[in-house]
There are 2 protein chains.
Amino acid sequence: MSVFTTVTAEDLGPFLKRYSIGSLLELKGIAAGITNTNYFVTTTHGRYVLTLFENLAADELPFYVNLMAHLADHGIAVAAPIANLADQYVDELNGRPTLLVQCVPGTVVDEPSAAQCFEVGEMLAQMHLAAGSYRGQMQNPRGAAWWNATAPLLFDLMSAADAALLRAELALQAGQDFADLPKGVIHADLFRDNVLMNGDHVGGFIDFYYACNDVLLYDLAITLNDWCVCESGDMDAERARALLLGYQGVRALKVDEIAAWPNILRAAALRFWVSRLYDFYKPAAGEMTFAKDPGHFQRVISAHAERQDFWL
Amino acid sequence: MSVFTTVTAEDLGPFLKRYSIGSLLELKGIAAGITNTNYFVTTTHGRYVLTLFENLAADELPFYVNLMAHLADHGIAVAAPIANLADQYVDELNGRPTLLVQCVPGTVVDEPSAAQCFEVGEMLAQMHLAAGSYRGQMQNPRGAAWWNATAPLLFDLMSAADAALLRAELALQAGQDFADLPKGVIHADLFRDNVLMNGDHVGGFIDFYYACNDVLLYDLAITLNDWCVCESGDMDAERARALLLGYQGVRALKVDEIAAWPNILRAAALRFWVSRLYDFYKPAAGEMTFAKDPGHFQRVISAHAERQDFWL
């Protein structure tokens with residue numbers, strides 16, 4: 001559940017007075033999400049999502065929030081932040097920094113079609129282009145430095161066989177050099193549950209709180225690894241081709257990106273293998289969320305390692 | 001008709017490459033509007049309105065365009081401008097400065113209900129609040145200086161009786177001092193045809209090209225003079241009360257605003273009486289638009305002059 005900080009209609013009255021979005025009609029907690037508290041806020045003007053940040057401090061938010069505003073401003077399907085009367089996106093309620101955003105239409109799709117993958121690829125490429133003029137800077141908090149520092153905490157907790165595979169994968173990635181590939185602002189977590197689909201169209205990308213400056217191709221790999229994956233861990237060729245076709249219709253990959261593709265797909269899987277291993281073996285004290293299966297991304301890596309065609 | 005500059009799908013292809021809003025599906029000229037060229041542009045991402053400015057130069061646009069973006073950013077129902085990949089709202093096409101905006105839902109309402117007047121009043125007040133943090137500055141191009149300079153060009157063309165009435169009205173307004181009333185950014189032209197209503201809700205305020213810094217109450221008077229008027233020129237009491245109730249629910253009028261109300265209603269009518277007289281007697285060479293009846297606002301002034309209750 002995702003309501004960690006309770007908000008009542010009485011709390012919200014004075015809060016909404018600091019905005020120009022009308023008066024409250026309905027307030028409803030949102031069950032999805034595991035990090036922040038989210039409410040649907042319906043006013044006389046429309047429907048919004050109110051987020052109370054449970055971990056991020058107000059001074060950590062501008063990169064993400066201004067990015068969302070920048071992308072919305074460029075017509076990218078994202079939840080547009082709403083500024084208050086003091087012209088600030090970040091406000092405060094019940095001791096938490098807050099953000100109000102426009103509701104975007106659509107629902108999370110569990111079993112995406114190839115047509116939906118095409119649209120996600122297309123919007124991702126448009127997002128990469130639109131973010132080209134965004135000035136904010138944020139290092140990737142889950143990059144190679146992070147996984148190289150985190151994995152040693154896990155080796156002893158894993159089976160010897162899995163630990164060996166993880167070491168081998170880290171070694172393989174240590175030998176890669178993606179530094180010269182096209183960079184920009186990436187979402188870095190564009191899984192199915194971070195996209196609302198409105199039929200076959202992208203209603204909105206959400207949850208930008210892993211966004212950072214990194215290699216664009218890595219973002220595409222993270223997205224493909226989730227949107228196009230089968231239960232086996234292998235990719236579904238039809239969905240993968242559709243997602244890449246959608247992406248490349250907007251931004252064609254360069255020769256060195258095509259060369260890097262097989263290994264960056266594994267890097268994108270490694271990042272989530274390590275974070276899931278960490279959540280599995282080192283759950284935070286009092287954490288209510290149940291850890292997701294780390295084995296999933298181990299299987300994705302195996303499947304990528306066995307493939308010779310990468311739909312490019 | 002409002003397509004002065006023709007745009008083809010072939011023109012639009014390279015233009016849309018400078019944006020991140022998908023590729024063109026449909027292009028359709030918009031018949032409404034008498035100053036600029038407007039097209040509906042439907043892309044794979046959504047529906048937009050493309051304006052080609054026929055009179056305003058690119059360097060005159062930032063005040064209006066940034067205001068629209070500011071208001072959209074604060075949740076006010078306006079057509080949000082879309083920035084291009086160079087992070088500019090104003091682009092160029094076929095020799096004209098251009099603006100792309102999101103389509104807002106709704107249609108122009110010819111015979112508004114009291115409920116709709118309430119919503120327009122409410123949104124207008126919210127707009128006045130939200131614009132409080134807007135930094136742009138623009139003098140009212142149709143203020144007292146303008147009408148005092150324009151009326152002398154018209155006296156000799158009018159009937160002696162009407163000219164006498166106009167002189168008297170100018171004299172009455174010359175005796176008023178609205179300078180200490182609350183000021184801010186006003187729309188200054190919020191007639192029915194500049195609001196798209198989505199049922200009883202405001203879908204969007206449009207056409208901000210008379211927006212300027214002026215007295216807030218004057219904006220309310222302009223709006224009421226159109227939204228609540230009867231054919232006789234008198235105001236419909238029910239609609240007028242509803243519009244004022246909607247407005248004051250958000251921003252209660254101050255004592256000096258209430259005192260100024262009867263005369264500012266006449267000032268708001270005078271501005272349009274003079275501009276319609278000018279368009280009637282001094283049509284621009286080659287002007288295709290047929291001038292609107294100047295007598296309408298003369299009757300509005302008479303009706304205001306006869307009333308003692310002003311629904312406040």
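Going by what an unreviewed UniProt entry lists, chain A is known as Homoserine kinase and is assigned to Iodobacter fluviatilis. Check the Pathway (unreviewed entry) section of the UniProt entry for chain A; it says "Amino-acid biosynthesis; L-threonine biosynthesis; L-threonine from L-aspartate: step 4/5." Quoted verbatim from the Catalytic activity (unreviewed entry) field of UniProt, the annotation for chain A is "L-homoserine + ATP = O-phospho-L-homoserine + ADP + H(+)".

The next thing to look at is the overall build of chain A. When helices and strands are counted, chain A shows 9 helices and 9 strands. Relative to its length of 312 residues, chain A is compact, with a C-alpha radius of gyration of 20 Å against a globular reference of 20 Å. If you line up chain A on its principal axes, its C-alpha atoms span 60 × 45 × 35 Å. Intrachain contacts of chain A at a sequence separation of at least 6 include 72% that bridge at least 24 residues. Taken as a whole, chain A presents about 13400 Å² of accessible surface, with 53% of it coming from carbon and sulfur. The averaged location of the 37 negative side-chain charges in chain A is 1 Å from the averaged location of its 21 positive side-chain charges.

Opposite the 27 residues of chain A that make contact, chain B presents 26 residues. Both sides of the chain A and chain B interface together cover about 2000 Å² of buried area, and 41% of this is carbon and sulfur. Here chain A and chain B share 0 salt bridges between them. Across the contact surface, chain A and chain B share 12 residue pairs in polar contact (both at pLDDT 80 or more). Contributing elements (two or more residues each) for the side of chain A that touches chain B: helix H2 (62-73) and helix H3 (114-130) of chain A. Considering each element in turn, the side of chain A that touches chain B owes the most residues, 5 residues, to H3 of chain A. Classifying every residue of the side of chain A that touches chain B gives 12 nonpolar, 12 polar and 3 charged.

Structural remark: α-helix, 3.6 residues per turn; residues separated by three or four positions point the same way. Residue and element names in this part refer to chain A. Among all positions in helix H1 (residues 9-16), only Leu12, Phe15 and Leu16 are buried. Taken down its axis, H1 places every buried residue within 85° of arc, on the same side. Every exposed residue of H1 that faces more than 90 degrees away from the buried side is listed here: Glu10 and Pro14. Turning to H1, the residues buried within the fold contact strand E1 (24-29), strand E2 (37-43), strand E3 (47-52), strand E4 (90-93) and strand E5 (96-102).

Here we come to the domain arrangement of chain A. Residues and elements named next belong to chain A. Under the domain assignment, chain A is made up of domain 1 (9-102) and domain 2 (114-306). Across the contact, 19 residues belong to domain 1 and 21 residues belong to domain 2. Note on domain 1 versus domain 2: buried area summed over both sides is about 1600 Å², and carbon and sulfur give 77% of it. Three residues stand out in domain 1 for area buried against domain 2, namely Phe63, Tyr64 and Ala77, and they jointly supply 37% of the buried area on that side. Seen at the junction of domain 1 and domain 2, the total is 0 salt bridges.

So, about the sheet that holds E3 of chain A. All names here are of chain A. Ordered by their spatial adjacency, 5 strands build an open sheet running E1-E2-E3-E5-E4, and the pairing between neighbours is antiparallel. Across the chains shown, the open sheet's two edge strands, defined by having one partner strand only, are E1 and E4. Geometrically, the sheet is characterised by an average inter-axis angle of 30° between neighbouring strands, direction not taken into account. Here E2 pairs with E3 via 6 bridges, running antiparallel. Bridging across to E3, Thr37 finds its partner in Leu52.

A separate point is the sheet that holds strand E3 (residues 47-52) of chain B. All names here are of chain B. Overall, antiparallel pairing links the 5 strands, which are arranged E1-E2-E3-E5-E4 in an open sheet. Each edge of the open sheet is held by one strand with a lone partner, namely strand E1 (24-29) and strand E4 (90-93). Neighbour-to-neighbour, the strand axes of the sheet open up by a mean angle of 30°, direction not taken into account.

Relative to the helices and strands, Ile258 of chain A resides in helix H8 (residues 255-281). A C-alpha to C-alpha distance of 9.2 Å links Ile258 of chain A and Leu217 of chain A, two positions 41 residues apart in sequence.

A word on the relation of the copies chain A and chain B. For these two chains of identical sequence, chain A goes onto chain B by a turn of 180° and a shift of 0.0 Å along the axis, with RMSD 0.0 Å. Both copies are brought into coincidence by an operation consistent with a two-fold rotation axis. Measuring from the rotation axis to each C-alpha of chain A, the shortest distance belongs to Asp73 of chain A, at 4.4 Å. Mapped onto chain B, 96% of the interface residues of chain A are again interface residues, and the two copies thus contact each other with one and the same surface.

Residue and element names in this part refer to chain B. Checked against the element boundaries, Thr5 lands in the segment before helix H1 (9-16). By relative accessible area, Thr5 is classed as buried at 9%. Here the side chain of Thr5 touches Arg96 through a polar contact of 3.3 Å, side chain to side chain. In this view, Thr5 contacts Thr37, Tyr39, Leu52, Glu54, Asn94 and Arg96; residues no more than four positions away in its chain are not counted.

Right, let's talk about the pattern of salt bridges for a bit. In the structure shown here, the tally under the stated rule is 16 salt bridges over all chains. Between Asp293 of chain A and Arg299 of chain A there is a salt bridge, and its shortest N-O distance comes to 3.0 Å. For Asp293 of chain A, a relative accessible area of 42% puts it in the partly exposed group. Salt-bridge contacts for Asp91 of chain B lead to Arg18 of chain B; the nearest nitrogen and oxygen are separated by 2.6 Å. One end of the pair, Asp91 of chain B, is in strand E4; the other, Arg18 of chain B, is in the loop between H1 and E1, with 73 residues separating them in the sequence.

Residues of E4 of chain B alternate between two faces, with Asp91 and Leu93 of chain B buried on one and Val90 and Glu92 of chain B left unburied on the opposite face. The turn joining E4 of chain B and strand E5 (residues 96-102) of chain B, which pair antiparallel and follow one another in sequence, is formed by 2 residues; a positive phi near 50° is taken by Asn94 of chain B.

Residues and elements named next belong to chain B. By the element assignment, Leu93 lies in strand E4. Separated by 78 residues in sequence, Leu93 and Phe15 place their C-alpha atoms 7.2 Å apart. Setting aside anything within four residues of it in sequence, one finds Leu93 in contact with Val7, Asp11, Leu12, Phe15, Leu50, Leu52 and Thr98.

Residue and element names in this part refer to chain B. Where helix H5 (residues 160-174) meets helix H8 (residues 255-281), the axes come as close as 10 Å, and the angle between the chain directions of the two elements is 135°. Considered as vectors, H5 and H8 are oriented oblique to each other. Along this stretch, H5 crosses H8, giving a crossing that reads as left-handed. Contact residues: H5 offers Asp162, Leu165, Leu166, Glu169, Leu170, Leu172 and Gln173, while H8 offers Asn263, Arg266, Ala267, Leu270, Trp273, Val274 and Leu277.

Another aspect to go through is the pairing of strand E7 (residues 195-198) of chain A. The pairing of E7 of chain A with strand E8 (residues 201-205) of chain A spans 4 bridges and is antiparallel. Within E8 of chain A, the residue paired with Asn198 of chain A across the bridge is His201 of chain A.

Thresholds, definitions, all that
Residues numbered from 1 in each chain as written. Chains lettered and ligands numbered in written order. Predicted model: local features only at pLDDT ≥ 70, side-chain atom pairs only at ≥ 80, totals over all residues. Heavy atoms only, no water. UniProt positions renumbered as here; feature names shortened; annotations may be inferred. Helix = DSSP H or I, 4+ residues; strand = E, 2+ residues; numbered from the N terminus. Rg over C-alpha atoms; globule rule 2.2 N^0.38 Å. Contact = heavy atoms within 4.5 Å. Areas by Shrake-Rupley, 256 points an atom, 1.4 Å probe, with all protein chains shown as cover. Lys, Arg positive; Asp, Glu negative; His and termini not counted. Charge placed at Lys NZ, Arg CZ, Asp CG, Glu CD. Buried area = accessible area lost by both parts, 1.4 Å probe. Salt bridge = Lys/Arg side-chain N within 4 Å of Asp/Glu carboxyl O. Polar contact = N/O pair within 3.5 Å; in protein donor to acceptor, adjacent residues only side chain to side chain. Nonpolar A, V, L, I, M, F, W, Y, C, P; charged D, E, K, R; others polar. Buried < 20%, exposed > 50% of the residue type's maximum accessible area, 1.4 Å probe, protein only. Arc of directions from axis to C-beta. Domains from an automatic or database assignment. Pairing = 2+ DSSP bridges. Axes fitted to C-alpha atoms, helices over the stretch in contact; angles between N-to-C directions. Least-squares fit on C-alpha atoms with pLDDT ≥ 70 in both. Parallel < 35°, antiparallel > 145°, perpendicular 65-115°, else oblique. Left-handed = near helix turned anticlockwise from the far one by under 90°.

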